[in-house]
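# Architecture and fold: a report
If you want the building blocks of each chain, they are given just below.
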Amino acid sequence: MLKLGIVGLPNVGKSTLFNALTSAKAEAANYPFCTVDPNVGMVEVPDARLDALAKIVQPKRTVPAVVQFVDIAGLVKGAAQGEGLGNKFLQNIRETDAIVHVIRCFEDPDVTHVMGDPDPARDKEIIELELALADLSQVEKRLDKVKRAARTNDKDALIELPALERANAALSAGTPLWRAGLSKDEFKQLEGLQLLTAKPVLYAANVTDAELAGDEGRLLKALRETVAAGKEHAEVVPFSAKIESELSELPPDERAEFLASLGITSAGLDRLILAGYHLLGLQTYFTAGEQEVRAWTIHHGDSAPQAAGVIHSDFERGFIRAETVGFEEFVAHAGWKGAKEKGVVRSEGKEYLVRDGDVLLFRFNV
């Protein structure tokens, strides 16, 4: 399951986005700090392939993949020193896979901005600094412990120490780790700390509905330029919190028509989730039986046993083989029976790398 943590300054559209995405009722108001407790919501991953499979198989239930969104109170400059609500809620998003940083990219005198006027580059920097300072606290604690162990020539500590020292130096200077030039091996050494600035970032740019349908405004362009200059592992996804809010109140069959009337091809939710999958190198495979048709989320490059392990560890441990057919072939031949008759169902072993859209039936023995 993909987990995304939502951060941002107050009044940039965080809670409005969260409410729209999850149909939750986190309080959203035009003043800072109204979201005091962390909010967690589950959102289905839109995938038309799942519906197509269900029509053929006619299962007792259909289960989509899901994304978990975690929304925390708005951060302000000085949060790490206790300003506003401080950074007490950041712990709630340490277990997420990526950060969704909501940035206001529209001007509206009726909506207060905590820093005065919207400035994407400045707002981005403020949040980055607070995340970096929160990470610094984690790294300092770990560094002290590892240094003591390294003095006794502890092998693991000696391996971990250089990565911690580099991270400490960067974070002490207010530099997030995604711009610190650390190697893959160094990031690997830091994984256990669940550092926020080591996570990939989705910049959710809150724009006007006119911008979604037409030319990008200066604030969105400024954000894109800032992200590009930082050479980050990140994507920018424009959305309109106002439109997402209105969409969430419509029946599903009316949403496409509403978007079309605005000249918009897809909802912000869909684009945000797809960007998250792309950013993290995720893909979907399916299981399809009379009891259940279900979508499962795995990484590109995962083997068949690893894919089986997402269902249950026993499936991976006792993996024998995977009966495999591509989604298009499964649909073209009307299910397992037709696909087998046409000879397009393959028996794949432990070395097989699962492809996006594969329909799998695992054989295992424990």
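Residues numbered from 1 in each chain as written. Predicted model: local features only at pLDDT ≥ 70, side-chain atom pairs only at ≥ 80, totals over all residues. Heavy atoms only, no water.

### Brief notes about the side chain of aspartate 71
Topologically, aspartate 71 is positioned in strand S4 (residues 66-71). You can call aspartate 71 buried: its relative accessible area is 0%. (Helix = DSSP H or I, 4+ residues; strand = E, 2+ residues; numbered from the N terminus. Buried < 20%, exposed > 50% of the residue type's maximum accessible area, 1.4 Å probe, protein only.)

### Some details on a nonpolar patch on the surface
The grouping of Met1, Val40 and Met42 at the surface amounts to a nonpolar patch, some 290 Å² of accessible area in total. You can see methionine 1 is positioned in the segment before strand S1 (2-7). Judged by its relative accessible area of 46%, methionine 1 falls in the partly exposed class. (Patch = residues over 30% accessible without salt bridge, like charges linked within 9 Å, V, L, I, M, F, W, Y side chains within 5 Å. Areas by Shrake-Rupley, 256 points an atom, 1.4 Å probe, with all protein chains shown as cover. Salt bridge = Lys/Arg side-chain N within 4 Å of Asp/Glu carboxyl O.)

### Observations regarding the side chain of aspartate 123
Structurally, aspartate 123 is set in helix H3 (residues 120-150). For aspartate 123, a relative accessible area of 2% corresponds to the buried category. Side chain to side chain, aspartate 123 and arginine 122 meet in a polar contact 2.8 Å long. (Polar contact = N/O pair within 3.5 Å; in protein donor to acceptor, adjacent residues only side chain to side chain.)

### Digging into the packing of aromatic side chains
Tallied over the entire structure, the rule returns 6 aromatic pairs. A ring pair is formed by tyrosine 285 and phenylalanine 362, whose centres lie 6.0 Å apart and whose planes are at 90°; its orientation type is edge-to-face. Separated by 77 residues along the polypeptide, tyrosine 285 in strand S8 (residues 282-288) and phenylalanine 362 in strand S12 (residues 359-364) bring together distant segments of the chain. We note that tyrosine 285, like phenylalanine 362, is buried. (Phe/Tyr/Trp six-rings, centres within 6.5 Å; stacked < 30°, edge-to-face > 60°.)

### Observations concerning helix H1 (residues 14-22)
In terms of residue burial, H1 counts as a mostly covered element, since 8 of its 9 residues are buried. What H1 keeps buried is the set Lys14, Ser15, Leu17, Phe18, Asn19, Ala20, Leu21 and Thr22.

It is worth stressing that arrangement in space is one thing and function is another; only the former is reported here.
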